There are 2 protein chains.
Amino acid sequence: MSDLSRFAINQITTKNLSLDLAVETYARHGVGGIGVWMDYLDAAGIAAGAKRIRDAGLFVPCLCTSAWVNLADPAAYRAALEENRRRLDAAAAIGAPTLVVVPGSLATGERDLVAARQRVEDALAELLPYALAAGVKIGLEPLHPMFAGDRSCLNTFAQCLELCDRLGEGTGLVADVYHCWWDPEFPKGLVAAGVERLLTFHLSDWLTPTRDVYQDRGMVGDGVIDHAYYRDLLNRIGYDGPIEIEIFSRLDWWQRDGDETVRVCVERCAPLVAPRVRQTPSSVAAIRA
Amino acid sequence: MSDLSRFAINQITTKNLSLDLAVETYARHGVGGIGVWMDYLDAAGIAAGAKRIRDAGLFVPCLCTSAWVNLADPAAYRAALEENRRRLDAAAAIGAPTLVVVPGSLATGERDLVAARQRVEDALAELLPYALAAGVKIGLEPLHPMFAGDRSCLNTFAQCLELCDRLGEGTGLVADVYHCWWDPEFPKGLVAAGVERLLTFHLSDWLTPTRDVYQDRGMVGDGVIDHAYYRDLLNRIGYDGPIEIEIFSRLDWWQRDGDETVRVCVERCAPLVAPRVRQTPSSVAAIRA
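The sections below set out a description of the structure shown in this document. Remember, it's a predicted structure, so these values are computed and weren't measured experimentally.

## Concerning the interface of chain A and chain B
With 29 residues of chain A at the interface, the matching set in chain B holds 29 residues. With both chains or domains summed, chain A and chain B bury close to 2,400 Å², and 64% of this area falls on carbon and sulfur atoms. Summed over the shared surface of chain A and chain B, the number is zero salt bridges. Where chain A packs against chain B, one counts eight residue pairs in polar contact (both at pLDDT 80 or more). Sort the elements by how many residues they give to the side of chain A that touches chain B and helix α5 (residues 113–134) of chain A lands first, with three residues. A breakdown of the residues in the side of chain A that touches chain B according to their chemical character gives 13 nonpolar, nine polar and seven charged.

Put into structure tokens, the structure is as follows:
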């Protein structure tokens, strides 16, 4: 029997399951944790959802995601910050140590990406004291550059590391191989982040061809990402935090039965999520990065 | 009347026009140059195509593209190098100073992106003496990270600059805002490349949403890219080379009449391609980068 104690499934992977059904299904398959999305948690009710997760014995690596702040209208921007405070509270309520930041990018009609990035930094700096008080980390997740126009202006691991440095305590990195696998600097970035700043690690696969920009991620093993390489790299840097599969798949997995999806997730990820073997410091220096 | 002397249209923009028709149409609209694709040139015949372009008085900023070298089979790999030599000769024949390198990425079944990148570097190092003898530069073009699995393992401007440094004389950079606009390091990279290494500059626009990963580029002005910013940056670094529009648009522009497409290209790009105003060195230091 594989040790799945650090393995979580992000519930968007089983898009058609309610929070209750996802919790029940994941637990039945021996999965350790569930990555929670705000809309499912709201549908379940925060207190009821928290109890359901706790009763099933699942851990929660993160709550997805922050509300977008790509809003030129001051009132709308303030409302987005307030909504983000609510989500930080919700993360605390379900025991999620991290709120994954997906902040949007350009506002309507805007073309200045530097300004959009500054707006995000300002918003996060303003939210940070609240996050620290709530005991929830702000998880900076670089999103694939193909999302730079709309979903997020945080697009490389190095960019997020620098932002993390500027914001300081209470922030960290959410790494997702789907978003970063192409980046020649990603391995170096993981080493630089280290175990203190690496909050959670997401898996899925890059399909060639990719038929849909947003919702055509592949099951681990069905694409071109070298997952074994990342498993070894994470072991070498001493990472023993959550490893979480997260698949957006309108064209395939979202059309399947949730139970089947979870079964295949476990089958494909079990070899990647075993508790790490401790390494000597010299093996860290030898990392290919 | 706008000065279009440095402005070229890459012929893939008018996919349905033969080389002859593209040359005739561009020249009639006062466009200065044509970016040529190998398949159109082969269809026309290299000598006949070269004469047609020369007679029309068009310049050729580049020939697109190198043949892919993502081939594990040694014989197929050797054949790809030989084909690239043929394309270098073709570039010389039509007066194109640059062969745009799009080298492919992972071979079938391959997952090691580091190995794929090394293979590309090895291939280019082997081709370089031939390119130098032909008087044609090897133009390293970073392709958007969404093409890292198949079309190219060269994915950031910084990565290509480093490769250019290693390969040395006879290589340079092909910059395309569509591929690089999201990159926080792109402006710095353009400054670092400088006028000596920046071989040509491509325009098109990023549409939100993007409906097709490969062939849904937008007409300049229809998307979110800040073209005026890049025009000013290029002027400040002293770039006075070609500026070329290149649109892959299966869903829109490829379905329109070529003459209309060319008319709109000219209309949208004329404000971006005026011969540069000379700047003082201090204005270069003030570049936002």
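## Notes on helix α8 (residues 186–197) of chain A
Residues and elements named next belong to chain A. Across its 12 residues, α8 extends only 14 Å between first and last C-alpha, which sits more than 12% below the 16 Å expected from 1.5 Å per residue. Buried within α8 are the following residues: Phe-186, Pro-187, Gly-189, Leu-190, Ala-193 and Gly-194. Packing partners of the buried residues in α8 comprise α6 (157–167), β6 (171–176), α7 (177–180), β7 (198–203) and α9 (227–237).

## Quick word on the relation of the copies chain A and chain B
Least-squares fitting of chain A to chain B yields an RMSD of 0.0 Å, with the transformation described by 0.0 Å of translation along the axis and a rotation of 180°. Here the transformation between the copies is reduced to the relation of a two-fold axis. When C-alpha distances to the rotation axis are compared across chain A, the minimum falls at Val213(A), with a value of 3.0 Å. Mapped onto chain B, 100% of the interface residues of chain A again fall at the interface, so both copies present the same surface.

What counts as what
- Residues numbered from 1 in each chain as written.
- Chains lettered and ligands numbered in written order.
- Predicted model: local features only at pLDDT ≥ 70, side-chain atom pairs only at ≥ 80, totals over all residues.
- Heavy atoms only, no water.
- Contact = heavy atoms within 4.5 Å.
- Buried area = accessible area lost by both parts, 1.4 Å probe.
- Salt bridge = Lys/Arg side-chain N within 4 Å of Asp/Glu carboxyl O.
- Polar contact = N/O pair within 3.5 Å; in protein donor to acceptor, adjacent residues only side chain to side chain.
- Helix = DSSP H or I, 4+ residues; strand = E, 2+ residues; numbered from the N terminus.
- Nonpolar A, V, L, I, M, F, W, Y, C, P; charged D, E, K, R; others polar.
- Expected span 1.5 Å × (residues − 1).
- Buried < 20%, exposed > 50% of the residue type's maximum accessible area, 1.4 Å probe, protein only.
- Least-squares fit on C-alpha atoms with pLDDT ≥ 70 in both.

That is the geometry; function is a separate question.
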